[in-house]
Amino acid sequence: MNDYLYYIKDPTLIILVVSGFINLALSFYEPEMQIPSEDTVILATVTGAVLSNSTIGFDFLNATTVETPTEGHGTAWIEGVAILLCVIVVVLVTAINDYSKERQFRNLQEKIETGQKFSVIRDGEAVDVPVSDLVVGDIARVKYGDLLPADGFLIQGNDLKIDESSLTGESDHIKKTVESDPVLLSGEDIT
């Protein structure tokens, strides 16, 4: 529910909601009609005819009364409702899209945590465990191309080089030894 409120805070959507309500309110407003005076009601059609004595005749037989035009407010509410429905559709589509992306991300994260297994030594035995089940005291056995699952210290290694570019931005590989630089950080790549 909080996701919907987040999207309604968008200034464009606020303007659309306000304009939709104003349009909806104005669609039900009808100004009072004024009754026209008698001299403005009659409209005579003038037809000219040349008579035998060269006079122009006027035909008042076709005189009609004109009603003042009135605009129908019967369907004017549709515009306001359409604006509000568009805002609702935009908010729902955006929220559903974000929810779908979040769900996909969580599924991928769960698959990575449970699907990627590391070989560790626990109680003197080699065991394959998911990354999410690593605990303090596990001795991880890493090989070339592995991504370090957790922070730790190098206990034993031969010509070990680490790619720390994901952490430091430097593309140089760092040589790690037990004596000089034994600290290993999560996310580093074994090269």
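How each quantity is defined
- Residues numbered from 1 in each chain as written.
- Predicted model: local features only at pLDDT ≥ 70, side-chain atom pairs only at ≥ 80, totals over all residues.
- Heavy atoms only, no water.
- UniProt positions renumbered as here; feature names shortened; annotations may be inferred.
- Helix = DSSP H or I, 4+ residues; strand = E, 2+ residues; numbered from the N terminus.
- Core = buried A, V, L, I, M, F, W, Y, C linked by side-chain atoms within 4.5 Å.
- Buried < 20%, exposed > 50% of the residue type's maximum accessible area, 1.4 Å probe, protein only.
- Contact = heavy atoms within 4.5 Å.
- Pairing = 2+ DSSP bridges.

Caption draft 1: Structural detail: the UniProt feature "transmembrane region" (unreviewed entry) in the protein. In this numbering, the UniProt entry assigns the feature "transmembrane region" (unreviewed entry) to residues 12-29 and 76-96. Split by type, residues 12-29 is 89% helix and 0% strand. Its first and last C-alpha atoms lie 26 Å apart. Within the segment residues 76-96, helix and strand shares are 95% and 0% respectively, and the terminal C-alpha atoms sit 31 Å apart.

Caption draft 2: Representation of the nonpolar core. In this structure, Leu148, Leu154, Leu160, Ile162, Leu184 and Ile190 together form the largest nonpolar core, which totals 6 residues. Contacts of Ile190, omitting those with residues within four sequence positions, involve Val142, Lys143, Tyr144, Gly145, Asp146, Leu148, Leu160, Lys161 and Ile162.

Caption draft 3: Here's a closer look at the sheet that holds strand E8 (residues 173-176). Taken in spatial order, the 3 strands line up as E8-E7-E10 in an open sheet, and their pairing is antiparallel. Where the open sheet ends on each side, the last strands, each with one partner, are E8 and strand E10 (189-190).

Caption draft 4: Just unusual backbone geometry, in detail. Of note, Asp123 is a non-glycine position whose phi angle comes to about 55°, a positive value. Structurally, Asp123 can be placed in the loop between strand E3 (117-122) and strand E4 (125-130).

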